[in-house]
Amino acid sequence: MLKGGLPVSPDGCLHEVFTHNPSTLRLAMQRLQTIPREGPVKSMFVAPPGHTFWSRDYAGIEALLVGYFARSERYQRLARLDIHSFYLAHILREEHLYTDADLPNEQWSDVQLSDALRAIKSQYGARRTGIKPLVHGGNYLMGPFEAQETLLKDLHVVVPLKQIKRLQAFYWELFPEIRQWHRRVTGLEWAFGNNEQGPLCEQEGAYQRTWLRTPFGNWHQYYDVLTWKKLPSGWEASYGPDAKRAVAFLPQSCGRFILTRAAQRLPQDVQETLRLFIHDEMLGLCRDADLDRCLQQSQLEMERPVPELGGLVVKTEARTGRCWGQRH
């Protein structure tokens, strides 16, 4: 028995119960706390002799799903290649560290653009890490104060609010299609009378229906998606307390469903090697002789086209190692 009362099974493992309690229906564990991404904790997990940790994670799945629901082929392409480095390149130009000639060109082929973005990631890795929360926050209606708190927690640096607001405004200029999607999914678009037909699908118009349904058939009810204020010129609508949850619901719940369904399709012997689901990642522990099979089968199932999303394919990346914190 571990200190704190969590029972250890005869196989020496903690067997956690996964839930979908968050309002976005993403995966959560019932008892264990989140394991830090950085620091020494992961280095405490060491494979026994003759065994190897393997993992496979979806590359930018939430950004890709945001692009899908925003109906933006452009954003989906950049999400597949590296949306964070692309955003950073344009920030560097605004700061006069890049010229127009230095910018990655969207007219390039995927190979050319991917090489350019990889070079930016290599040269400005720390800076790229710092702007990643602004990309995800921008997609999920994160305000400047919340962004400041997130950056402080991740980077241990207090970023001035003025700088955060400038970077957020620049993100909207670069990707206006994301803000248009926010207006549709919450119902703000129709609250202002911009579309007399109303919501055209069950993934939009949370304010009118008070609920949203994913392409997989999961649905969630929301309250106070919009708030109203009486002005001399009439009533004005703005995002309410539930707007963020409504916006995050589609990408996060679909990402969770894609991951868990892929795990359920794995052959039984590969399923038995699984140890954890970490948001968009599978982590397993297998015998050295079974490593190639685990990697091949996990790629096969995780990269299957998703019929509910028009055959969307999400690419994956694999890592292996004797220690969880030191995989390559």
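Coordinates for the structure precede this section.
Analysis parameters
Residues numbered from 1 in each chain as written. Predicted model: local features only at pLDDT ≥ 70, side-chain atom pairs only at ≥ 80, totals over all residues. Heavy atoms only, no water. Helix = DSSP H or I, 4+ residues; strand = E, 2+ residues; numbered from the N terminus. Buried < 20%, exposed > 50% of the residue type's maximum accessible area, 1.4 Å probe, protein only. Contact = heavy atoms within 4.5 Å. Areas by Shrake-Rupley, 256 points an atom, 1.4 Å probe, with all protein chains shown as cover. Pairing = 2+ DSSP bridges. Axes fitted to C-alpha atoms, helices over the stretch in contact; angles between N-to-C directions. Phe/Tyr/Trp six-rings, centres within 6.5 Å; stacked < 30°, edge-to-face > 60°. Patch = residues over 30% accessible without salt bridge, like charges linked within 9 Å, V, L, I, M, F, W, Y side chains within 5 Å. Salt bridge = Lys/Arg side-chain N within 4 Å of Asp/Glu carboxyl O. Core = buried A, V, L, I, M, F, W, Y, C linked by side-chain atoms within 4.5 Å. Parallel < 35°, antiparallel > 145°, perpendicular 65-115°, else oblique. Nonpolar A, V, L, I, M, F, W, Y, C, P; charged D, E, K, R; others polar.

## Some details on the overall build of the protein chain
Working step 1: For the protein chain, the count of helices and strands is 13 helices and 10 strands.
Working step 2: When the 328 residues of the protein chain are sorted by exposure, 43% land in the buried category.
Working step 3: Looking at the protein chain alone, contacts between residues at least 24 apart form 60% of all its contacts between residues at least 6 apart.
Working step 4: Accessible surface, the protein chain as shown: approximately 17600 Å² in total, 52% of it carbon and sulfur.

## Describing the sheet that holds strand 10 (residues 316–321)
Working step 1: One open sheet accounts for four strands, arranged 8-9-3-10; its pairing is antiparallel. The open sheet terminates on both sides in strands that have one partner only, identified here as strand 8 (274–277) and strand 10. Pairwise comparison of adjacent strand axes, ignoring direction, gives a mean angle of 20° for this sheet.
Working step 2: Relative to strand 9 (residues 281–287), strand 3 (residues 51–58) is paired through seven bridges, and the arrangement is antiparallel. Looking at the pairing, His-51 lines up with Arg-287 of strand 9.
Working step 3: The sheet strands contacting helix 11 (residues 243–265) are strand 3, strand 8 and strand 9, and the helix crosses strand 9 at an angle near 25°.

## Some points on the packing of aromatic side chains
Working step 1: Applying the stated rule across the entire model yields 11 aromatic pairs.
Working step 2: When the centroid spacing of 4.9 Å and the interplanar angle of 80° are considered together, the rings of Phe-45 and Trp-324 count as edge-to-face. Here Phe-45 is found in the loop between strand 2 (28–29) and strand 3, whereas its partner Trp-324 is found in the segment after strand 10, with 279 residues between them in sequence.
Working step 3: Exposure remark for Phe-45: the relative accessible area of 33% places this residue in the partly exposed category.
Working step 4: When the centroid spacing of 5.2 Å and the interplanar angle of 75° are considered together, the rings of Tyr-87 and Tyr-171 count as edge-to-face. One end of the pair, Tyr-87, is in helix 3 (residues 83–94); the other, Tyr-171, is in helix 7 (residues 161–174), and 84 residues separate them in sequence.
Working step 5: Accessibility expressed as a relative area gives 0% for Tyr-87, which makes it buried.
Working step 6: Counting every residue linked through ring pairs, the aromatic cluster contains Tyr-75, Phe-86, Tyr-87, Phe-170, Tyr-171, Trp-172 and Phe-175.

## A few points about a nonpolar patch on the surface
Working step 1: Judged by side-chain polarity, Tyr-207, Trp-228 and Trp-235 come together as a nonpolar surface patch covering roughly 340 Å² of accessible area.
Working step 2: Judged by relative accessible area, which is 36%, Trp-228 ranks as partly exposed.

## Some points on the nonpolar core
For soluble globular proteins, the rule of thumb is that nonpolar side chains tend to be buried together.
Working step 1: Counting residues in each nonpolar core, the largest one holds 75 residues, and the members touching the most others are Trp-54, Tyr-75, Tyr-87, Phe-175 and Met-282.
Working step 2: The element best represented in this core is helix 11, accounting for 11 residues.
Working step 3: Those residues in contact with Tyr-87, other than ones at most four positions away along the chain, are Ile-131, Leu-134, Val-135, Leu-167, Gln-168, Phe-170, Tyr-171 and Leu-174.
Working step 4: One finds Ala-47, Phe-53, Leu-276 and Leu-283 within the second-largest nonpolar core, a separate group that totals six residues.

## As for the pairing of strand 7 (residues 234–239)
Working step 1: Here strand 6 (residues 226–231) pairs with strand 7 via six bridges, running antiparallel. Along strand 7, the bridge assignment pairs Thr-227 with Ser-238.
Working step 2: Connecting strand 6 to the next strand, strand 7, in antiparallel fashion are two residues.

## So, the environment of Val-111
Working step 1: Within the secondary structure, Val-111 is located in helix 4 (residues 110–123).
Working step 2: What makes Val-111 exposed here is its relative accessible area of 58%.

## Focus: the packing of helix 1 (residues 61–69) against helix 2 (residues 73–81)
Working step 1: Where helix 1 meets helix 2, the axes come as close as 8 Å, and the angle between the chain directions of the two elements is 170°. One way to sum up the angle between helix 1 and helix 2 is to call them roughly antiparallel. On the side of helix 1, the interface is formed by Ala-63, Leu-64, Val-66, Gly-67 and Tyr-68, while helix 2 contributes Tyr-75, Gln-76, Ala-79 and Arg-80.
Working step 2: Of the residues in the contact of helix 1 with helix 2, the class split is six nonpolar, two polar and one charged.

## With respect to the side chain of Gln-168
Working step 1: Within the fold, Gln-168 resides in helix 7.
Working step 2: For Gln-168, a relative accessible area of 13% translates into the label buried.
Working step 3: What Gln-168 contacts, discounting residues up to four positions off in sequence, is Tyr-87, Met-142, Gly-143, Pro-144 and Ala-147.

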